Amino acid sequence: MEEQSSAPADDPVPSEAAQGPSASKGRAPTIYDVARRAGVAPSTVSRAFARPGRVSFETAERIRAAADELGYRARTITRRTDAREGTRMIALVLSDISNPVYFDLLRGAEEAAADADYTIVLANSQETVKKEQEALGRVLPLVDGVLMVSSRMSDSAVRMTAKQKPTIMLNRAVSGVVSVVTDNAMGTRRAVEHLVSQNIRDISYVAGPEASWTDGMRWRAVRETGAALHARIHRLGPVAPTIAGGRAAALSWMEHRTSGVICYNDLMAVGFVRTLQEHGLSVPRDAAVIGYDNIMLLPYVSPSMSTIAAPVHAIGATATKNLVAMIRGAQPTSSRPLVLPSKLVVRQSSRVLETPTLRRR
């Protein structure tokens, strides 16, 4: 069968010398091995994987069969030749993919990207700067823009990334980089006010990662609001933003107990409460506990967990829509972060009194 007129003729098979090194035991098969097995030129093999529409169906099938027999896998993603069109891919770099708070953020980002005909490429930094930098190094040549979520990299390193590709930071403000954040200060103030309304004036803040911008914002709000309401404020940590981190904080708290606790995130709050229960203590009687993020499981733990809720889905969607606009040539209209509202959700873990003594302002 002749090739379709829309596809150019396959390259002639080059001489044996031009086909590159022959396959040998102990090494991975190469594009030259596939070309020899399929009876085509290496350039045709490359085109079959990178731009399949440029190779006839029969030739592409022969190449795929040869690749399967040899165990060859294409190792790279090739950019489209039209630089104006780009790859239509966006990198989303997360600090910790195992944290449930990112489920809705990912959903919001993916939905907004799909609406604009873009695909999300996900990278997980595992809360380490080194892995984050390595991930960015791998994906930057392949994407049109970058979403960085709760990055632990320095401000200068983030700005360097933004110089290479359109970049938006989520959950952190960096000067010179477009950012989408939650109103951390307002949500945290509401949490402290709520505890004081329950006659709690001795409050511990369980700190998250030292490199976390949001941790700094929340700690400052706890300190300032506590001082304004004449509450005694203590700091525990920093600890890992995980259930295990919450467990470690609970053991430290037992040495210097306070009647109120605000945790950097919900995972820590869950670990904190579980540890107290395992030691025969009761929440909220022995400690009223509040988390941050409003992850989906909180209403179902016992006691149900109070938390500061962020519009996580909206953060992902808003950041992605703005990034697509930047990729298409739009310029930011403000140097200030886009701030989305947060709110306190009161459940059993912090409800000590039926009638609060201090009303929320």
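What counts, and where the lines are drawn
Residues numbered from 1 in each chain as written. Predicted model: local features only at pLDDT ≥ 70, side-chain atom pairs only at ≥ 80, totals over all residues. Heavy atoms only, no water. Phe/Tyr/Trp six-rings, centres within 6.5 Å; stacked < 30°, edge-to-face > 60°. Helix = DSSP H or I, 4+ residues; strand = E, 2+ residues; numbered from the N terminus. Buried < 20%, exposed > 50% of the residue type's maximum accessible area, 1.4 Å probe, protein only. Core = buried A, V, L, I, M, F, W, Y, C linked by side-chain atoms within 4.5 Å. Domains from an automatic or database assignment. Contact = heavy atoms within 4.5 Å. Pairing = 2+ DSSP bridges. Axes fitted to C-alpha atoms, helices over the stretch in contact; angles between N-to-C directions.

Colleague: Talk me through the packing of aromatic side chains; I want residue IDs and the actual numbers.
Modeller: Applying the stated criterion across every chain yields a total of two aromatic pairs. For the pair tyrosine 205 and tryptophan 219, a centre-to-centre distance of 5.7 Å together with 25° between the ring planes defines the contact as stacked. One end of the pair, tyrosine 205, is in strand β6 (residues 202-206); the other, tryptophan 219, is in helix α8 (residues 213-228), and 14 residues separate them in sequence. For the pair shown, tyrosine 205 and tryptophan 219 are each scored as buried. Taking 5.7 Å as the distance between ring centres and 70° as the angle between the ring planes, the aromatic pair formed by tryptophan 253 and phenylalanine 272 counts as edge-to-face. You can see tryptophan 253 sitting in helix α9 (residues 243-253) and its partner phenylalanine 272 sitting in helix α10 (residues 266-278), a full 19 residues away along the chain. Phenylalanine 272 shares its class with tryptophan 253; the two are buried.

Colleague: Describe the nonpolar core, with residues and values.
Modeller: Core analysis: the biggest nonpolar cluster contains 65 residues, and Leu147, Val206, Trp253, Phe272, Leu276 and Val289 have the highest contact counts within it. The biggest single contributor to this core is α10, with seven residues. The two domains that each donate at least three residues to this core are domain 2 (89-182 + 313-341) and domain 3 (184-310). Once residues lying within four places of it in the same chain are set aside, the contact partners of phenylalanine 272 are Val206, Gly246, Arg247, Ala249, Ala250, Trp253, Val261, Cys263 and Val289. Residues Val93, Leu140, Val146 and Ala157 belong to the second largest nonpolar core, which totals 17 residues.

Colleague: Go over the sheet that holds strand β9 (residues 288-293), please, and point to the residues and values.
Modeller: Pairing in this open sheet of six strands is mixed, and the strands run β7-β6-β8-β9-β10-β12 from one edge to the other. Sheet topology places β7 (232-236) and β12 (343-345) at the edges, where each strand pairs with a single neighbour. Taken over all neighbouring pairs, the strand axes of this sheet differ in orientation by 20° on average, direction set aside. As judged from the five bridges shared by β6 and β7, these two strands associate in the parallel manner.

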